[in-house]
Amino acid sequence: MKYSPLGSSGLSVSRVCLGSMTWGVQNTQADADEQIEYAIERGVNFIDTAEMYPVPPSEETYGDTERCIGDWLSRHPEKREDLIIASKIAGPGFTYIRDNDLISSATIEKALEDSLARLQTNYIDVYQLHWPNRNSPHFAKHWPNNVKPSQQDVKAEKVRMRDIVEGIGKALDSGKIRHWGLSDDTTWGIHTYLNLCEELGVAKPVSIQNEFSLLHIKDWPYLIESCVFEDIAYLPWSPLASGVLSGKYIGGARPVGSRWTMTQRQGLFRDTTHSNQAVVAYCEVGKKHGMTPSQLALAWCDQVDGVTSTIIGATKMSQLKENIDAFDMTLSEACLADVEAVLQQYSAPF
């Protein structure tokens, strides 16, 4: 396993980050235990979760993924210091999470206490804002005029962001979090938080996790350049584009128990004609170069300059083993050229 600095945190994280959002719906506690223990055996020291998980989210399962991790930690307390655990506070969008409140200093205090209790730990290594309070161009809203920045109340947003930084500062001072980060934010969001942190004397965010894959490269190069220059770790989530890059949904297939057979909060927006054509082409590239489609997609993501650690997830142990193996693979120049040819043809398929 290879490791990289987590931005300015001083922490060293595995190039593989174990995602956990299936634990509690598609996966049981026993499954979570097996995944955690196998990942640790392979050198993974980085686990990502969120109060909102598992996915698909519901009031009945809210917080269960953190509970799965907490259950495992309660039985392996000696492992806590070896792990870097990242969790996230949910933003607005769920009536059953703090009455749909915005992220604020007050909601950070409440959400953090609840996450610590579920995780059965007294600190979180990286506490992340799951998405901005403002409407932002993520989750299929990245096409022109889907989100209109000219209609945002920027002054009010900065006031809210200042309050968030103050709340993060209190959490850092209390020792309940060691570092903090962003998720599903933009270049403007990053730099506004950097300015507020400098003004308020609060440690800056050490990471951002955004969707990034062969089917969704909108953060390259501008946002990733900002991350590299500002020493902020870039953590791709959904590097398999919700599983489609594995090839399992080709031709409209819906394997029993797969994520696309479940309720989709934002719909199957990745399931487009161009996405399907791109996946077929990438599957051919993987076959040509002796790797599975998933391994091609993950190894490609890992070699992108500026990527710190890639968040992977699995519902089966066979998938987890296959995915972790990808990070020991080096893509040849010929393979990268074949990938680039497909990428140029399908640079924005959804």
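Basis of the calculations
Residues numbered from 1 in each chain as written. Predicted model: local features only at pLDDT ≥ 70, side-chain atom pairs only at ≥ 80, totals over all residues. Heavy atoms only, no water. Helix = DSSP H or I, 4+ residues; strand = E, 2+ residues; numbered from the N terminus. Polar contact = N/O pair within 3.5 Å; in protein donor to acceptor, adjacent residues only side chain to side chain. Core = buried A, V, L, I, M, F, W, Y, C linked by side-chain atoms within 4.5 Å. Buried < 20%, exposed > 50% of the residue type's maximum accessible area, 1.4 Å probe, protein only. Salt bridge = Lys/Arg side-chain N within 4 Å of Asp/Glu carboxyl O. Pairing = 2+ DSSP bridges. Axes fitted to C-alpha atoms, helices over the stretch in contact; angles between N-to-C directions. Contact = heavy atoms within 4.5 Å. Expected span 1.5 Å × (residues − 1). Arc of directions from axis to C-beta. Parallel < 35°, antiparallel > 145°, perpendicular 65-115°, else oblique. Left-handed = near helix turned anticlockwise from the far one by under 90°. Nonpolar A, V, L, I, M, F, W, Y, C, P; charged D, E, K, R; others polar.

> Tell me about the environment of Thr-28, residues and numbers included.
Locating Thr-28 in the fold gives a position in the loop between β3 (16-19) and α1 (29-41). Note: C-alpha distance between Thr-28 and Pro-77 (49 residues apart in sequence) is 20 Å. A distance of 3.4 Å separates a polar atom in the side chain of Thr-28 from the backbone nitrogen of Ala-30.

> Lay out the nonpolar core with the relevant residues and their values.
Ranked by internal contacts, the top residues of the largest apolar core, which has 85 residues, are Tyr-282 and Trp-300. Counting residues in each nonpolar core, the second largest holds 13 residues, with Val-13, Cys-17, Phe-46 and Leu-235 among its members.

> Give me the lowdown on the pattern of salt bridges, citing residues and values where you can.
On inspection of all chains with the given rule, the structure shows 22 salt bridges. Among the salt bridges present, the one from Asp-219 reaches Lys-218, with a minimum N-O distance of 3.7 Å. A salt bridge links Lys-288 to Asp-338, with the shortest nitrogen-to-oxygen separation between them at 3.0 Å. Taken together, the positions of Lys-288 in helix α7 (residues 273-288) and Asp-338 in helix α10 (residues 333-345) put the pair 50 residues apart, joining distant regions of the chain. We classify Lys-288 as exposed; its relative accessible area is 59%. A single salt-bridge network, built from bridges that share partners, covers Glu-51, Glu-66, Arg-98 and Arg-118.

> Go over unusual backbone geometry, please, and point to the residues and values.
With an omega of 5 degrees, the peptide bond between Val-55 and Pro-56 qualifies as cis. Within the secondary structure, Pro-56 sits in the loop between β4 (46-48) and α2 (64-75). Cis peptide bonds are those with omega within 30 degrees of zero, and the linkage from Trp-220 to Pro-221 qualifies with 0 degrees. Relative to the helices and strands, Pro-221 resides in the loop between β8 (207-211) and α6 (222-229). Backbone geometry at Gln-120 places phi at a positive 55 degrees, although glycine is not the residue there. Tracing the backbone shows Gln-120 in the loop between α3 (105-119) and β6 (124-129). One non-glycine residue, Phe-139, lies in the positive phi region at around 55 degrees.

> Run through the sheet that holds strand β7 (residues 177-183), naming residues and quoting values.
Backbone-to-backbone hydrogen bonds join strands into a sheet, with any given pair of strands oriented parallel or antiparallel. Strand order in the open sheet made by the 8 strands is β9-β8-β7-β6-β5-β4-β3-β10, with parallel pairing throughout. One side of each edge strand has no neighbouring strand; the edge strands of this open sheet are β9 (233-237) and β10 (310-312). Taking each pair of neighbouring strands and ignoring which way they run, the sheet shows an average axis angle of 30 degrees. By the bridge criterion, 5 bridges tie β8 to β9 in an arrangement that is parallel. Pairing of Gln-209 across the sheet is with Leu-235, part of β9. Seen against the sheet, helix α5 (residues 187-200) touches β6, β7 and β8 and runs at an angle of roughly 145 degrees to β7.

> Any chance you could break down α10 for me, citing the residues and the numbers?
An ideal rise of 1.5 Å per residue puts 18 Å on 13 residues; α10 measures up with 19 Å between its terminal C-alpha atoms. Of the residues making up α10, those classed as buried are Cys-335, Val-339, Val-342 and Leu-343. An end-on view of α10 places all buried positions within 100 degrees of arc, on one side of the element. Facing away from the buried side of α10 by more than 90 degrees, the exposed set consists of Glu-333, Gln-344 and Gln-345. Residues of α10 that are buried sit in contact with α7 and α8 (293-303).

> Before we move on, can you summarise the side chain of Ser-115 with the specific residues and values?
With respect to the helices and strands, the residue Ser-115 is situated in helix α3. On the basis of relative accessibility, which here comes to 0%, the residue Ser-115 falls in the buried class. Separated by 2.9 Å, the side chains of Ser-115 and Glu-66 make a polar contact.

> So what about the packing of α8 against helix α9 (residues 317-325)? Which residues, and what values?
In the contact formed by α8 and α9, the axes pass within 8 Å of each other and the chain directions differ by 45 degrees. As far as their axial angle goes, α9 and α8 are oblique. The two elements α8 and α9 meet at a crossing, and its hand is right-handed. Contact residues: Ser-294, Gln-295 and Leu-298 in α8; Glu-322, Asn-323 and Asp-325 in α9. The residue makeup of the contact of α8 with α9, split by class, is 1 nonpolar, 3 polar and 2 charged.

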